Amino acid sequence: MTEENSGETPVHSPTWPGSVAVIGAAGLIGAGVVERLAMEAVTDTVYMTDLRDNVLHAHAIDIAEAQILGGNTRTKLVVGPPADGTPVDLVIVAASAPESPDGDRRDFLRANLKLLRLLLPDIQRLAGEHGAVMLLSNPVDVLAEALRQLSGISPDQLSGISPDRILGYSLNDSIRFRAAVARELGVSPERVAGLVLGEHGDGQVPLFSGLTLDGETLNLDSDQQTRVTTDITGWFSRWSALKPGRSSGWTTPLGVVQAVKAMATGEIHPATIWTGSVDSLPDSFISLPTRLEQGRMVPALGPISEAEKEGLTEAAKSVTAAAARAVQDFPGTQ
Ligand SMILES: NC(=O)c1ccc[n+]([C@@H]2O[C@H](COP(=O)([O-])OP(=O)(O)OC[C@H]3O[C@@H](n4cnc5c(N)ncnc54)[C@H](O)[C@@H]3O)[C@@H](O)[C@H]2O)c1
Ligand SMILES: O=C(O)C[C@H](O)C(=O)O
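None of these values were measured; they are calculated from a predicted model.

Undergrad: How would you summarise the site of ligand 1 if you had to cite specific residues and measurements?
TA: Close contacts around ligand 1 come from 25 residues, with Ile29, Asp50, Ser96, Glu99 and Ser247 the closest. Take Asp50: an N or O atom from its side chain is 2.6 Å from an oxygen atom of ligand 1. Here Arg52 contributes a side-chain N or O atom positioned 2.9 Å from an oxygen atom of ligand 1. Taken by itself ligand 1 offers 870 Å² of open surface, and the protein chains cover 89% of this. In this structure the site holding ligand 1 corresponds to the largest pocket. Tallied by class, residues from the shell around ligand 1 come to 11 nonpolar, 11 polar and three charged. Looking at the shell around ligand 1, you find at least three residues from each of domain 1 (19–169) and domain 2 (171–329).

Undergrad: Kindly report on the layout of surface pockets, identifying the contributing residues and their values.
TA: Looking at the largest pocket, its volume works out to about 1100 Å³. Surrounding the largest pocket, 46 residues form its lining, Gly24, Ala94, Ala95, Ser96 and Ser137 being those nearest its centre. Looking at the lining of the largest pocket, the elements with two or more residues in it are α1 (28–39), α3 (109–127), α5 (172–185) and α7 (235–241). Among the elements that line the lining of the largest pocket, the one with the most residues is α3, at seven residues. Each residue belonging to the lining of the largest pocket can be placed in one class, and the counts come to 21 nonpolar, 17 polar and eight charged. Lining the lining of the largest pocket are residues from two domains, each supplying at least three of them: domain 1 (19–169) and domain 2 (171–329).

Reading the values: rules and limits
- Residues numbered from 1 in each chain as written.
- Chains lettered and ligands numbered in written order.
- Predicted model: local features only at pLDDT ≥ 70, side-chain atom pairs only at ≥ 80, totals over all residues.
- Heavy atoms only, no water.
- Near = heavy atom within 4 Å.
- Polar contact = N/O pair within 3.5 Å; in protein donor to acceptor, adjacent residues only side chain to side chain.
- Areas by Shrake-Rupley, 256 points an atom, 1.4 Å probe, with all protein chains shown as cover.
- 1 Å grid on protein atoms, 1.4 Å probe; cavity = no way out; pocket = protein on both sides within 12 Å on 5 of 7 lines; lining within 4 Å.
- Sits in = over half its atoms within 2 Å of the grid points.
- Nonpolar A, V, L, I, M, F, W, Y, C, P; charged D, E, K, R; others polar.
- Domains from an automatic or database assignment.
- Points joined across faces, edges and corners; volume = space filled by probe spheres on them.
- Helix = DSSP H or I, 4+ residues; strand = E, 2+ residues; numbered from the N terminus.

See the structure below:
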C-alpha cells in the first residue's frame with residue numbers, strides 16, 4: 001500500500017463520508033470518481049483498488065499533483081484497501097468487464113455478475129456493518145438486485161450488506177431527460193427540471209407529471225412526450241453506434257460526486273435503491289427519489305401519475321426477474 005499526499009492542508013471536517021473505497025479505480029469512471037472526490041475534497045481518504053496496479057499508481061500520482069494545482073490536498077489517496085481492514089463509509093463499485101455495447105446495458109450482465117460474485121467478499125469486508133455500497137457497473141439496477149439476492153441478508157441483521165445500504169448510480173437519465181425536453185422546446189436545459197425513475201435502460205420512467213420550466217409546471221402534449229421518450233430511450237443505442245470504446249466519463253464522475261454530496265447532507269436525489277419499503281411496488285431495485293437517513297437509503301417518492309406508477313411497477317418486476325434469472329443461470333464459475 002502506498003500513499004499520495006499526507007493531507008497537510010486541512011480544509012473542513014466532514015462527518016460523512018470519512019472514507020471511500022473505489023473498486024475499479026484504474027478505469028475511466030472509477031478514476032474519474034477518485035479525481036472528483038479528491039478535487040472537491042469530499043472525503044478524508046480514498047482507497048483505490050483495481051486489477052491494474054500500475055495504472056492505479058499512475059492515477060494516484062497524477063491526481064495528487066492535480067490537487068496541489070487545485071489548491072486543496074485534504075483528500076488522501078491510498079492505493080490498495082485499508083491496511084488494517086477498517087471498513088469505509090462508502091464503497092463505490094466501478095469495476096467492469098470491458099464494454100462492447102450493442103445498445104442494451106443488459107448485454108454486460110453475464111460478465112459483470114461474474115465480476116460482482118468475485119468481488120462480493122471484498123465489498124462486504126470494505127463496507128463492514130455500516131458502509132453504503134454504490135454500484136456504477138451496468139446493468140446497474142439488475143446488479144444491485146442481484147447483489148441483494150446474493151447477500152441474502154434482511155435489513156435487521158447486522159452482518160452482510162442489508163438492501164437499504166445498497167444503491168446504484170442512475171442520475172444520468174434525468175440529465176438526458178432535461179436535455180431532451182430542452183431540445184423539444186428549444187430552450188436551455190438549465191431552465192428545465194425533471195426526474196427519470198425506473199430502470200437505467202429500457203425500463204426508464206420519465207416523470208412528465210413533475211416537469212418544470214423556470215420552476216413552473218410544464219405540461220407537454222402527447223406528441224411532445226412521445227418525441228422526448230423516444231429521444232431518451234434511444235440514448236444508449238446512439239452512443240453505442242458511435243463505438244467510442246468508452247462510457248460517459250465526463251458526466252458520470254461529476255454526477256456520482258453530486259450524489260455522494262447529496263447523501264452527505266440528506267438531500268433528496270434520484271438513485272437506484274431497494275423498493276422494499278414502498279408498499280405499492282414489488283420488491284426490487286429501481287431508481288427512486290431517495291435520501292440517506294442514518295446510514296440507510298430511504299425512498300422519498302412524491303405523488304406521481306397512475307401511468308408512471310404502472311411504469312415503475314413494470315420496471316421493478318423486470319429487474320427482479322432478470323436478476324433472479326441471471327443469479328441462477330450464470331453461476332460464478334462460468
Ligand atoms: N450507472 C451509470 O450511469 C454508468 C455510467 C457510466 C458507466 N457505467 C458503467 O460503469 C462501469 C465502468 O465503466 P468504465 O468506462 O470505467 O470501464 P473501464 O473498462 O474503463 O473500467 C473498468 C475497470 O474495472 C477494472 N476491473 C475489472 N475486473 C476487476 C476486478 N476483478 N477487480 C478490480 N477491478 C477490476 C478494470 O481493470 C478497469 O480498470 C461499466 O460497467 C459501465 O457500463 C455506468
Ligand atoms: O455505460 C455506459 O456506456 C453509459 C452509461 O450507462 C450511461 O448511461 O451513462
